[in-house]
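Architecture at a glance
Residue strings, one per chain:
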Amino acid sequence: MWLSLPVGVLHGSTPGPVIWISGAIHGDELNGVPIIRHVLDRIDPATLSGTVLAVPVINVLGVVQESRYLPDRRDLNRCFPGSKRGSSASQLAHLFMTEIVARSSVGIDVHTGSGGKANLPQLRCDLEDPETLRLARAFAPPILMHARIRDGSLRGAATELGKTVLLYEAGEANRFDATAIETGVRGVMRVMQALGMVDSSSESAALAPRISRSSSWVRAQRTGFCEMMVSLGAEVSEGDTIAIIFGALGRKQMPVKAKSAGVIIGHVTSPIVHRGDAVANVAAVAD
Ligand SMILES: [Zn+2]
């Protein structure tokens, strides 16, 4: 059967950079879909410089099946740059590289937390690269994470071609999250301002983001019900209680404590955790 990959193209009235915005490369990570819808609503091609390529749903088959993966269980974001005659994932990656990435100089790829975990709005990117850092600061989510490239990822393949890539992570799978969506829309608009594509008076400045170079997960020491004691974005000190794990009657409560100081950038949303499960992701911040 034929499948179509929905692509919105906004071609501005004056020349400028070409950027892509993509979502749902993991088919259950859907916050990019409304982010792209709101961004397209806000842009008037008559006053736009350059071109926006909007691909809200890369993994069409995954979205239809409400799955992170393709029907053959492949992770599309491990199949880049792909090839013309490879697996279906590889062919889709190749199509995206030739039709979208090759035409663009900057890309913003939207993800969410996976598998019962929620993420604080954050950018994961190469903060050593000056242009990436400039655009990431313009996007201004609460925190910027310096992140190494994953083999086979869209970000990796596009970076190989010399593109500047910002990976936006916010909210959780199978949910629309209002904060994640609004932070994303405003961030994308500010990146477009920084690139000179839209009028710089349209989107107000944000607080300067925190910067982090490392994060680590704190794990459950026992199985039980898990109640979070902190919210996304909270600052914790070493020894602070992040969550409480307890049995059905609330006896034998066990606190989950921070092993180091930092900012909570992700946490489990499932009410039940098993011994060894990741409960919260704590990012070390320099300032
Ligand atoms: Zn993802």
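Before reading further, recall that the structure is shown in the block above.
Below you will find a few notes about this structure. Please read these numbers as outputs of a predicted model, since none were measured by experiment.

Turning next to the pattern of salt bridges. Think of it this way: side chains of opposite charge can pair up when their charged atoms draw near. Considering all chains together, one arrives at nine salt bridges under this definition. Residue Arg-210 is joined to Glu-235 by a salt bridge in which the shortest nitrogen-to-oxygen separation is 2.9 Å. Pair noted here: Arg-210 is in strand E8 (residues 210-219) and Glu-235 is in strand E10 (residues 235-236), with a separation of 25 residues, a long-range link. Residue Glu-235 is classed as exposed on the basis of its relative accessible area of 53%. What emerges from the salt-bridge pattern is a single network uniting Glu-29, Arg-68 and Asp-75.

This part is about the sheet that holds strand E9 (residues 224-228). Strand order in the open sheet made by the four strands is E12-E11-E9-E14, with antiparallel pairing throughout. Bordering the open sheet on either side are strand E12 (254-257) and strand E14 (272-273), each of which pairs with just one other strand. In this structure, strand E11 (residues 241-246) lies alongside E12, joined through four bridges in antiparallel fashion. Bridged to Ala-243 within E12 is Val-256.

Let us look at the coordination of the zinc ion. When a metal holds four donors in a tetrahedron, each ideal angle between them is 109.5 degrees; when it holds six in an octahedron, the ideal angles are 90 or 180 degrees. For the zinc ion, every protein donor is listed as His-26 (ND1), Glu-29 (OE), Glu-29 (OE) and His-111 (ND1), and the spread of their distances is 2.0 to 2.7 Å. Metal-centred angles of 53 to 152 degrees between the four donor atoms at the zinc ion mark the site as irregular. Counting along the primary sequence, the residues that act as donors to the zinc ion give the motif H-x2-E-x81-H. Placement of the pair is Glu-29 in the loop between strand E2 (14-23) and helix H1 (32-42) and His-111 in strand E4 (residues 106-113), with a sequence separation of 82 residues. A residue is classified by how much of its surface remains accessible, and His-111, at 3% relative accessible area, is buried.

Rules used throughout
- Residues numbered from 1 in each chain as written.
- Predicted model: local features only at pLDDT ≥ 70, side-chain atom pairs only at ≥ 80, totals over all residues.
- Heavy atoms only, no water.
- Salt bridge = Lys/Arg side-chain N within 4 Å of Asp/Glu carboxyl O.
- Helix = DSSP H or I, 4+ residues; strand = E, 2+ residues; numbered from the N terminus.
- Buried < 20%, exposed > 50% of the residue type's maximum accessible area, 1.4 Å probe, protein only.
- Pairing = 2+ DSSP bridges.
- Donors = N, O, S within 2.8 Å, 3.2 Å for Na, K, Ca; no water.
- Tetrahedral: all angles 85-135°; square planar, octahedral: opposite > 155°, others 65-115°.

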